[in-house]
Protein chains: 2
Amino acid sequence: MGLTKSEEFTVKDNKLAKYAKALSHPARIAILRILIKRQSCICGDIVEELPLSQSTVSQHLKELKDAGLIKGEIEGAKVCYCIDETELNQAKSYIDELFSSYFLSKTSCC
Amino acid sequence: MGLTKSEEFTVKDNKLAKYAKALSHPARIAILRILIKRQSCICGDIVEELPLSQSTVSQHLKELKDAGLIKGEIEGAKVCYCIDETELNQAKSYIDELFSSYFLSKTSCC
DNA sequence: AAAATTCATCGCATTATTACGATTATAAAA
DNA sequence: TTTTATAATCGTAATAATGCGATGAATTTT
């Protein structure tokens, strides 16, 4: 076994889970915060700000990129990462929608 | 290796990551939706609504419980699960805070 | 051209996750 | 008391994730 049954769930729930997975590691949250703070698309300075090796940071960046939350642009030898606003918006609205569906239909029970 | 360096990151980012991890599987999203829909704290009916075995659903419930997003109450032989409103609120505000910190300081770059 | 910088990728070891059947524990029903 | 129902847990197999050093590819700098 060991294989998530993605096909059994809705496309939306799979997408939401994918966004959440990207956010499911403190290093990746920290990376997002750095990218937000330095709005001007900084790159490998991330490595200097985090207590992780270059290869590990690169891997986390890849995962954030695969999830769509960030994008990278090659600038000579450097790579400049930044938030992908469209995707971040979508992630936000998916999450908001899930949460607000609770707060709307709330009647409180146990 | 293979061990997340949690201590190296803030308590808040670890908590946020924990919430996100709970949401990082479509089955758990589906479970949350079921719990939201049937506000009246239903239990093992979840198993019937999902294409997963009882033990697998039980495991997902445990993870949602460990993350704090849901709570279970024993009712005889049954266990009644429901959303933990306080924690869901906290999760929502942590996520909102992260996202809005971007939309506030946005200047768009690449 | 040679050396240095920047970052991705490979390989590896360790640990975590996913899924299920089988078993166990508890409570309800017969 | 015995059976049934409910749900957690154990054990197992497969796959994914975490982290790092080493290596590679590309671009700058010297």
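See above for the structure.
Below: a short report on this structure. Every value quoted in this text rests on a predicted model; they were computed, and no experiment measured them.

## Topic: the side chain of B:Asp13
Residue position: B:Asp13 is located in helix 1 (residues 11–22). Among the residues examined, B:Asp13 registers a relative accessible area of 5% and is labelled buried. When neighbours within four sequence positions are excluded, B:Asp13 is seen to be in contact with A:Pro26, A:Ile29, A:Ala30 and A:Arg33.

## Quick notes on the protein's contact with DNA strand C
The local shell around DNA strand C holds 29 residues, among which A:Gly2, A:Lys5, A:Ser58, A:Tyr81 and B:Lys21 are the closest. Restricting the count to atoms of DNA strand C within 4 Å of the protein gives a sugar and phosphate share of 69%. Contact between DNA strand C and B:Glu63: a phosphate oxygen at 3.1 Å from a side-chain N or O atom of the residue. Looking at the surface near DNA strand C, the elements that each hand over two or more residues are helix 4 (54–67) and strand 2 (78–83) of chain A together with helix 4 (54–67) of chain B.

## Let's talk about the layout of surface pockets
Put simply, the largest pocket is a space of about 390 Å³. Around the largest pocket sit 14 residues that line it, and A:Leu3, A:Thr4, B:His25, B:Thr56 and B:His60 are the ones nearest its centre. Here the element with the most residues in the lining of the largest pocket is helix 4 of chain B; it accounts for 4 residues. Tallied by class, the residues present in the lining of the largest pocket amount to 4 nonpolar, 7 polar and 3 charged. Here the second largest pocket defines a volume of roughly 240 Å³. In terms of lining, the second largest pocket is formed by A:His25, A:Leu52, A:Thr56, A:His60, B:Met1, B:Gly2, B:Leu3, B:Thr4, B:Lys5 and B:Phe9. Class assignment of the residues belonging to the lining of the second largest pocket gives a composition of 4 nonpolar, 5 polar and 1 charged.

## Considering the pairing of strand 1 (residues 70–75) of chain B
Remember that side chains alternate between the two faces of the sheet whenever the strand is regular. Residues and elements named next belong to chain B. Judged from the 6 bridges that link them, strand 1 and strand 2 (residues 78–83) form a sheet pairing that is antiparallel. For Glu75, the partnering residue across the bridge sits in strand 2 and is Lys78. Here strand 1 folds back onto strand 2 in antiparallel fashion, the turn holding 2 residues, of which Gly76 has a positive phi close to 70°.

## Some remarks on the relation of the copies chain A and chain B
The transformation that overlays chain A on chain B combines an axial shift of 0.0 Å with a rotation of 180°, and the residual RMSD is 0.0 Å. This pairing of chains is accounted for by a two-fold axis. Taking the C-alpha atom as reference, chain A places A:Ala20 closest to the rotation axis, 2.4 Å from it. A high fraction, 100%, of the interface residues of chain A reappear at the interface in chain B, so the copies pair face to face through one surface.

Rules of the game
Residues numbered from 1 in each chain as written. Chains lettered and ligands numbered in written order. Predicted model: local features only at pLDDT ≥ 70, side-chain atom pairs only at ≥ 80, totals over all residues. Heavy atoms only, no water. Helix = DSSP H or I, 4+ residues; strand = E, 2+ residues; numbered from the N terminus. Buried < 20%, exposed > 50% of the residue type's maximum accessible area, 1.4 Å probe, protein only. Contact = heavy atoms within 4.5 Å. Near = heavy atom within 4 Å. Polar contact = N/O pair within 3.5 Å; in protein donor to acceptor, adjacent residues only side chain to side chain. 1 Å grid on protein atoms, 1.4 Å probe; cavity = no way out; pocket = protein on both sides within 12 Å on 5 of 7 lines; lining within 4 Å. Points joined across faces, edges and corners; volume = space filled by probe spheres on them. Nonpolar A, V, L, I, M, F, W, Y, C, P; charged D, E, K, R; others polar. Pairing = 2+ DSSP bridges. Least-squares fit on C-alpha atoms with pLDDT ≥ 70 in both.

Keep in mind that these numbers describe shape and distance, not what the molecule does.
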